[in-house]
Amino acid sequence: MSISLSSLILLPIWISMAQIQQGGPDEKEKTTALKDLLSRIDLDELMKKDEPPLDFPDTLEGFEYAFNEKGQLRHIKTGEPFVFNYREDLHRWNQKRYEALGEIITKYVYELLEKDCNLKKISIPEGYGVIVLNPNENYIEVEKPKIPVQSSSDSSDEPAEKRERKDKVSKETKKRRDFYEKYRNPQREKEMMQLYIRENGSPEEHAVYVWDHFIAQSAAEKVFFVAHSYGGLAFVELMIQREADVKSKVTAVALTDSVHNVWHQEAGKTIREWMRENCCNWVSSSEPLDTSVESMLPDCPRVSAGTDRHELTSWKSFPSIFKFFTEASEAKSSSPKPALTRRSHRIKHEEL
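What you see is a predicted model, and the numbers here were worked out from it, not measured in a lab. (Residues numbered from 1 in each chain as written. Predicted model: local features only at pLDDT ≥ 70, side-chain atom pairs only at ≥ 80, totals over all residues. Heavy atoms only, no water.)

### A few points about the overall build of the protein chain
Scanning the protein chain from terminus to terminus reveals eleven helices and eight strands. Expressed as a percentage of its 352 residues, the buried residues of the protein chain come to 26%. Approximately 25400 Å² of the protein chain is accessible, and the part contributed by carbon and sulfur atoms is 53%. (Helix = DSSP H or I, 4+ residues; strand = E, 2+ residues; numbered from the N terminus. Buried < 20%, exposed > 50% of the residue type's maximum accessible area, 1.4 Å probe, protein only. Areas by Shrake-Rupley, 256 points an atom, 1.4 Å probe, with all protein chains shown as cover.)

### A short note on helix 4 (residues 91-115)
Counted at 1.5 Å a residue, the expected span for helix 4 with its 25 residues is 36 Å, and the 36 Å between its end C-alpha atoms agrees. Turning to helix 4, its buried residues number three or more, namely Arg92, Trp93, Asn94, Gln95, Lys96, Arg97, Leu101 and Ile104. (Expected span 1.5 Å × (residues − 1).)

### Digging into unusual backbone geometry
In the Ramachandran plot, Asn118 falls in the positive-phi region, its phi being about 60 degrees despite a non-glycine side chain. The residue Asn118 is located in the loop between helix 4 and strand 3 (139-143) in this model. In this structure Asn118 comes out as exposed when scored by relative accessible area, which is 68%. Positive phi values are uncommon outside glycine, yet Asp257 reaches one of about 50 degrees. Tracing the backbone through its elements, the reader meets Asp257 in the loop between strand 6 (250-256) and helix 9 (269-278).

### As for the packing of aromatic side chains
Under the definition given, this model contains 14 aromatic pairs. On the numbers, 5.7 Å between centres and 70 degrees between planes, the contact of Trp282 with Phe324 is edge-to-face. With Trp282 in strand 7 (residues 279-283) and Phe324 in helix 10 (residues 313-334), this residue pair connects regions lying 42 residues apart in the sequence. Among the aromatic residues, ring-to-ring pairing joins Phe224, Trp282, Phe318, Phe322, Phe324 and Phe325 into one connected group. Above the ring of Trp93, the side-chain terminus of Arg87 is found at 4.9 Å from the ring centroid. Of note, Arg97 hangs over the ring of Tyr86, and the distance from its end group to the ring centre comes to 4.1 Å. (Phe/Tyr/Trp six-rings, centres within 6.5 Å; stacked < 30°, edge-to-face > 60°. Lys NZ or Arg CZ within 6 Å of the ring centre and 35° of its normal.)

### Some words on the nonpolar core
By size, the foremost hydrophobic cluster in this structure holds 23 residues, and its most contacted members are Phe225, Phe235, Val250, Val253, Trp274 and Met275. Broken down by secondary-structure element, the contributors of at least two residues to this core are helix 6 (203-215), strand 5 (223-228), helix 7 (230-241), strand 6 and helix 9. Here this core takes five residues from helix 6, the largest share from any one element. If we ignore the near neighbours within four places in the chain, the residues touching Phe225 are Trp211, Ile215, Phe235, Leu238, Val250, Ala252, Val253, Ala254 and Phe325. Counting ten residues, the second-largest nonpolar core is a separate cluster that includes Ala252, Ala305, Ile321 and Ala328. (Core = buried A, V, L, I, M, F, W, Y, C linked by side-chain atoms within 4.5 Å. Contact = heavy atoms within 4.5 Å.)

### A short note on the sheet that holds strand 6
Across the sheet, which stays open at both edges, the four strands sit in the order 5-6-7-8 with parallel pairing between neighbours. Lying at the two open borders of the sheet, with one neighbouring strand each, are strand 5 and strand 8 (302-304). Sheet twist, expressed as the mean angle between neighbouring strand axes with direction ignored, is 20 degrees. Pairing geometry for strand 7 and strand 8, over three bridges, is parallel. Looking across to strand 8, one finds that Val283 is bridged to Ser304. Together, strand 5, strand 6 and strand 7 form the strand contacts of helix 7, whose direction differs from that of strand 5 by roughly 135 degrees. Contacting strand 5, strand 6 and strand 7, helix 10 runs over the sheet at an angle of about 165 degrees to strand 6. (Pairing = 2+ DSSP bridges. Axes fitted to C-alpha atoms, helices over the stretch in contact; angles between N-to-C directions.)

By themselves, these observations are geometric and do not establish any function.
This is the structure in C-alpha cells:
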C-alpha cells in the first residue's frame, strides 16, 4: 500500500499534539525536534516534485493551436478554444504554459502587422507616415535586489545562544512566508520592482513625448489620430498641454469608445469647440454603424460603431473612420489659408 508524503507529515503532527495535551516531561523536546524536522523540508521543492518540466514548444504548431479564418485561436484537433487548466491541480505549470504560448502569439501578431499591414517594426526614432503609439508600456519589471537584513539584537547584551535561536526563528518565518506567497501567487516566483520609463511613465506622458519628439517635428501637414478607449483621454490631455500645436497640425481625430471626459479633465472652451468640429467618437452600440448616439458631454459627435463590444469598436468602424478622414482632408485642402495680418500674427504669437 502506498502512502502519500502529505500523510506522513500530517500524522506525526497529530500524534505530537495529542501527546502535548496528555502532558509529559519530554513534550517540549519532542515538539522542538518535530519543528526542526519540518523546517528541513523544502516545501517549494515538494510542490515541484510531481510537476512536469517547464519545457514548452516554441511554435503554435507545437502547442497544437492555430488561428482560423476568423482570426480565432483554436486547437488543431478538437477545434476548441484555449484551455488554461490543461493539467488539473497544477496551477503553476498551467500558468507557465499560458505565458509561453502568449510569447508565441505576441510574435505572431507582430508578423501580421509587418506582412499584412505593411508596417515595419523599428526602434525609435520612427520616420514613417504611420506611427503606432504604445501608451500601455510605461515601465519594465526587474528583480528587486535583495537587501541583507541585519539582526537588531547584535548590539544587545543577549547571550549568543539566544541571538542565534532568534535569528533561526526569523529565517524559518521568512521561508514559510515566501512559500505561502508563491503558493498564493505562483506566477510570481521572484520579488519584482517597477522601473518607470523616463518621460513615459503614463499613457498621457507617452502621448506628449511622441508628439514632441516625432509628430511635431515631422514634415506632415495633415495628421490624423485614431484613439481607442483610454487613448481618447490621453489625446485630450495632449490637447490641453499642446493646444496650439495640435490645432495647427491635426486635421481630424477618430475616437473609438473613448473614455475621455472634458469636464473631469478640465478641457477649456476653445478645446471643446475644436473637438466638436474635428473629432468624432464611434461608441459601442447595438445600433447600425454611424447611427447618431446622444451624449451628455458637449465635446464631439457620437455615433454607433456598429457593435456593442468595446474591443471591436475600432475594427468595425474603420470604413467610416477613413471616409471621415478623407472628407476632412479634402475640406482642409479646399479651404483658403487666412491672410497673415499684423493682428493675426500677434494673436498667433500670443497663443504660442
